[in-house]
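Residues per chain are reported as follows:
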Amino acid sequence: MAIADLENLLKKLVIEFNLETNKDNKLVVFLGLLGDFDSFEYGINASKYLKQIRNHKIDIFLIAIGSEKGKDKFCSFTGFPKNNLKIVKDNSTHQLLGASKGIDTGLGGWINLFIMLLGIGSPKTIPEVIRGYTGDKNSDQIYHHDDNIQLFKFIELSGKLFEKSFGTGYLRPFELATFRLKNMIEIFNNWKDYMIDTEYLTQRGATFLLNKNNKIIYRYYSKDILDYSQDMSSPLKFIDENLDK
């Protein structure tokens, strides 16, 4: 799609979803299903970013496939503001934007998802899963000394565990995997609310950084599972890099 056509479409969607803001810039992210791993990670990272840059001239909006009940639970878990999360019932808007549907074998969402998790048609997935277990010197740590990490109802870990075992100041081994396990437990416990239609299990997302005139400053289309950013070591780094230009 030509950039001019894409910008005209985004201008219409900004009005349709009521994404107007008094900030100079806006980040508009189209997610797949609310219960997608990518959606949860993006939501948590976006929530942290908004809290850290209260005076920054940017607002962040998420549009995801889901239900209002799922929206309430998603925002409660991730900390993302409810007013900035919009819900759609299908992937028609994603298709208009040219976002990837992922692999479509015609055998259903579960088969499509399983194939992509094997890395077929989704080559970045397995390296990203491995990074969750091996750590990443170029990424920030997730948990801190006083954090309590509840897994299931009977396992509670402390942030001290990562600190004592691997030090601080970077993404430690098993840290991201633990974070993702915590998200997975939340998703499975509320599956019907987050995953309204398994047809969209492989629907990928798209990210647009817009100026006050809704011109595109930056864009990124996800094609792989666990690949919602061009730089997964620092998923929202592109915001400051592009706004500082």
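Below you will find a few notes about this structure. (Residues numbered from 1 in each chain as written. Predicted model: local features only at pLDDT ≥ 70, side-chain atom pairs only at ≥ 80, totals over all residues. Heavy atoms only, no water.)

### Considering the overall build of the protein chain
Link 1 in the chain: A tally of helices and strands in the protein chain yields 10 helices and seven strands.
Link 2 in the chain: Computed over its C-alpha atoms, the radius of gyration of the protein chain comes to 18 Å, within 12% of the 18 Å expected for a compact globule of 245 residues.
Link 3 in the chain: For the protein chain, the C-alpha atoms occupy an extent of roughly 50 × 45 × 35 Å along the three principal directions.
Link 4 in the chain: In the protein chain, the share of contacts with a sequence separation of at least 24, taken over all contacts with a separation of at least 6, comes to 69%.
Link 5 in the chain: Summed over its atoms, the accessible surface of the protein chain is roughly 12,300 Å², and 53% of this surface lies on carbon and sulfur atoms.
Link 6 in the chain: Counting 32 positive and 31 negative side-chain charges, the protein chain places the averaged centre of each group 3 Å from the other. (Helix = DSSP H or I, 4+ residues; strand = E, 2+ residues; numbered from the N terminus. Rg over C-alpha atoms; globule rule 2.2 N^0.38 Å. Contact = heavy atoms within 4.5 Å. Areas by Shrake-Rupley, 256 points an atom, 1.4 Å probe, with all protein chains shown as cover. Lys, Arg positive; Asp, Glu negative; His and termini not counted. Charge placed at Lys NZ, Arg CZ, Asp CG, Glu CD.)

### Section: empty space enclosed by the protein
Link 1 in the chain: Summed over all chains, the structure comprises one cavity of 30 Å³ or more.
Link 2 in the chain: Every element with two or more residues in the lining of the largest cavity is listed here: β1 (25-33), α2 (37-52) and β6 (206-210).
Link 3 in the chain: Here the element with the most residues in the lining of the largest cavity is β1; it accounts for four residues.
Link 4 in the chain: For the lining of the largest cavity, the class distribution of residues is seven nonpolar, six polar and three charged. (1 Å grid on protein atoms, 1.4 Å probe; cavity = no way out; pocket = protein on both sides within 12 Å on 5 of 7 lines; lining within 4 Å. Points joined across faces, edges and corners; volume = space filled by probe spheres on them. Nonpolar A, V, L, I, M, F, W, Y, C, P; charged D, E, K, R; others polar.)

### Digging into the packing of aromatic side chains
Link 1 in the chain: Counted under the stated rule, the structure contains 11 aromatic pairs.
Link 2 in the chain: Centroid distance Phe-30 to Phe-208: 6.2 Å. Interplanar angle 80°. Geometry classified as edge-to-face. Here Phe-208 lies in strand β6 and Phe-30 lies in strand β1, a separation of 178 residues in the sequence.
Link 3 in the chain: Ring geometry for Phe-188 versus Trp-191: centroids 5.7 Å apart, planes at 45°, classification tilted.
Link 4 in the chain: A relative accessible area of 22% places Trp-191 in the partly exposed class.
Link 5 in the chain: Put simply, the rings of Phe-40, Phe-74, Phe-77 and Tyr-194 pair up and form one aromatic cluster. (Phe/Tyr/Trp six-rings, centres within 6.5 Å; stacked < 30°, edge-to-face > 60°. Buried < 20%, exposed > 50% of the residue type's maximum accessible area, 1.4 Å probe, protein only.)

### Details of the nonpolar core
Link 1 in the chain: The biggest cluster of nonpolar side chains holds 59 residues, and the ones touching the most others in it are Leu-27, Phe-30, Leu-85 and Phe-208.
Link 2 in the chain: Membership of the second largest hydrophobic core comes to 10 residues, among which are Tyr-143, Phe-162, Leu-176 and Phe-179. (Core = buried A, V, L, I, M, F, W, Y, C linked by side-chain atoms within 4.5 Å.)

### Here's the deal with unusual backbone geometry
Link 1 in the chain: Positive phi values are uncommon outside glycine, yet Phe-174 reaches one of about 70°.
Link 2 in the chain: Among the structural elements, Phe-174 can be located in the loop between α7 (159-166) and α8 (175-189).

### Regarding the pairing of strand β5 (residues 155-158)
Consecutive side chains of a regular strand alternate in pointing toward one face of the sheet and then the other.
Link 1 in the chain: Here four bridges tie strand β4 (residues 148-151) to β5, and the two strands are oriented antiparallel to one another. Note on β5: the bridge partner recorded for Gln-150 is Glu-156.
Link 2 in the chain: Hairpin connection of β4 to β5: three residues between the antiparallel strands, including Phe-152 at a positive phi of 55°. (Pairing = 2+ DSSP bridges.)

### Notes on the environment of Arg-131
Link 1 in the chain: Following the sequence through the fold, Arg-131 ends up in helix α6 (residues 125-134).
Link 2 in the chain: Here Arg-131 falls in the buried class, since its relative accessible area comes to 13%.
Link 3 in the chain: The spacing of Arg-131 and Ile-225 is 94 residues in sequence and 14 Å in space, taken between C-alpha atoms.
Link 4 in the chain: For Arg-131, the residues in contact, after removing those within four places along its chain, are Asp-136, Ser-139, Leu-171, Leu-176, Arg-180, Met-232 and Ser-233.

### Notes on helix α1 (residues 3-16)
Link 1 in the chain: With 14 residues, α1 should cover 20 Å at 1.5 Å per step; its first-to-last C-alpha distance of 20 Å lies within 8% of that length.
Link 2 in the chain: Among all positions of α1, only Leu-6, Glu-7, Leu-9, Leu-10, Leu-13 and Val-14 are buried. Taken down its axis, α1 places every buried residue within 160° of arc, on the same side. Structural note: α1 exposes Lys-12, Ile-15 and Glu-16 on the side pointing more than 90 degrees away from its buried face. (Expected span 1.5 Å × (residues − 1). Arc of directions from axis to C-beta.)

### Side note on the environment of Lys-71
Link 1 in the chain: By the element assignment, Lys-71 lies in helix α3 (residues 68-78).
Link 2 in the chain: With 123 residues separating them in the primary sequence, Lys-71 and Tyr-194 have C-alpha atoms 7.8 Å apart.
Link 3 in the chain: Ignoring anything within four residues of it in the chain, the contact list for Lys-71 reads Leu-34, Lys-82, Leu-85 and Ile-87.

### A word on the packing of α2 against α3
Link 1 in the chain: Their axes nearest at 9 Å, the elements α2 and α3 cross at an angle of 55°. With respect to α3, the element α2 is oriented oblique. Considering the relative orientation of α2 and α3, their crossing is right-handed. Note on element contacts: α3 touches α2 through Phe-74, Phe-77 and Thr-78, opposite Ser-39, Phe-40, Gly-43, Ile-44 and Ser-47.
Link 2 in the chain: Of the residues assigned to the contact of α2 with α3, the class counts are four nonpolar, four polar and no charged. (Axes fitted to C-alpha atoms, helices over the stretch in contact; angles between N-to-C directions. Parallel < 35°, antiparallel > 145°, perpendicular 65-115°, else oblique. Left-handed = near helix turned anticlockwise from the far one by under 90°.)

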